[in-house]
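# Descriptive analysis of the structure
Chain by chain, the residues run as shown.
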Amino acid sequence: MHWNTKIINPQDLINIARGDHKIIYKYLIQFQELIPQRIDSLKENLKVEDRKGIRQLLHQMSPQIQFFGIMDLVKPIRQLELDYETMPIEELNTLVETVIIKLNLAINDVNSVIKENF
């Protein structure tokens, strides 16, 4: 199995699945289905400046983000989880936009892994 990825580090996924291609595929498809919906929800919450909604979404996504080894996102998400109420709205927007960009890149990685291996 060849993983030509820029954002995701599949090591945890491979270890948890014990190299089983069916299980790996199932998790990849799940990521492909859930993350775009969550990105849309994040954008909606940003529009209406729903800080609590943003925090809840990021908290829900955290395990998947760590599971897929998207390390660049752990720090900004942790910061948002802690400071979501007090952070200036511009900073909140910038952080969430960064998260969305990286999640879109991760989706591209997942799409290419599926295309090249399954």
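Structure shown above.
Okay, so let's go over this structure. (Residues numbered from 1 in each chain as written. Predicted model: local features only at pLDDT ≥ 70, side-chain atom pairs only at ≥ 80, totals over all residues. Heavy atoms only, no water.)

## A short note on the packing of aromatic side chains
Here a ring pair, both rings aromatic, is described through the centre-centre distance and the interplanar angle of the planes. Note the following rule: Aromatic pairing here means that ring centres of Phe, Tyr or Trp (its six-membered ring) are within 6.5 Å. Orientation follows from the plane angle: under 30 degrees is stacked, over 60 is edge-to-face, and everything else is tilted. Note on conventions: DSSP H or I runs of at least 4 residues are helices, E runs of at least 2 residues are strands, and numbering of each starts at the N terminus. Burial here depends on accessible area, computed with a 1.4 Å probe over protein chains only, as a share of the maximum for the residue type. Under 20% is buried, over 50% is exposed, and the range in between is partly exposed.
A full pass over the atoms with the stated rule returns 4 aromatic pairs. Ring geometry for Tyr25 versus Phe118: centroids 5.0 Å apart, planes at 40°, classification tilted. One end of the pair, Tyr25, is in helix 2 (residues 21–47); the other, Phe118, is in the segment after helix 5 (89–117), and 93 residues separate them in sequence. Residue Phe118 is classed as partly exposed on the basis of its relative accessible area, which comes to 37%. Centre to centre, the rings of Phe31 and Phe68 are 4.4 Å apart; their planes meet at 40°, and the pair counts as tilted. One end of the pair, Phe31, is in helix 2; the other, Phe68, is in the loop between helix 3 (51–67) and helix 4 (74–83), and 37 residues separate them in sequence.

## Considerations on the environment of Leu13
We apply this condition: Residue contacts are defined here by distance: any two heavy atoms, one from each residue, within 4.5 Å place the two residues in contact.
Mapped onto the secondary structure, Leu13 falls in helix 1 (residues 11–16). Each C-alpha atom, one on Leu13 and one on Ile24, is 6.8 Å from the other, the two residues being 11 residues apart in sequence. Not counting residues up to four positions away in its chain, the partners in contact with Leu13 are Trp3, Ile24, Tyr27, Leu28, Phe67 and Phe68.

## Digging into helix 2
Note the following rule: Take the residue count of a helix, subtract one, and multiply by 1.5 Å to get its expected span. A 3.5 Å cut-off defines polar contacts: any pair of N or O atoms within that distance qualifies, except that in protein one atom must be a possible hydrogen donor and the other a possible acceptor, and neighbouring residues in sequence count only when both atoms are side-chain atoms.
Helix length check: helix 2 (27 residues) gives 39 Å between terminal C-alpha atoms against 39 Å at 1.5 Å per residue, within 8%. Turning to helix 2, its buried residues number three or more, namely Ile24, Leu28, Phe31, Ile35, Arg38, Ile39, Leu42, Asn45 and Leu46. Its buried side turned inward, helix 2 meets helix 1, helix 3 and helix 5. The opening residue of helix 2 is Asp20, an N-cap whose side-chain oxygen sits 2.8 Å from the backbone nitrogen of Lys22. Backbone geometry just after helix 2 places Glu49 at a positive phi near 55°.

## Comments concerning the nonpolar core
This is how the line gets drawn: Each nonpolar core is a collection of buried residues, namely Ala, Val, Leu, Ile, Met, Phe, Trp, Tyr and Cys, held together in the definition by side-chain atoms within 4.5 Å.
Counting 36 residues, the largest nonpolar core has Leu28, Leu42, Phe68 and Ile70 as the members making the most contacts within it. For this core, the elements supplying multiple residues, two or more each, are helix 2, helix 3, helix 4 and helix 5. Here this core gets 12 residues from one element, more than from any other, and that element is helix 5. Residues within four places of Leu42 in sequence aside, it is in contact with Ile54, Leu57, Leu58, Met61, Val96, Val99 and Ile100.

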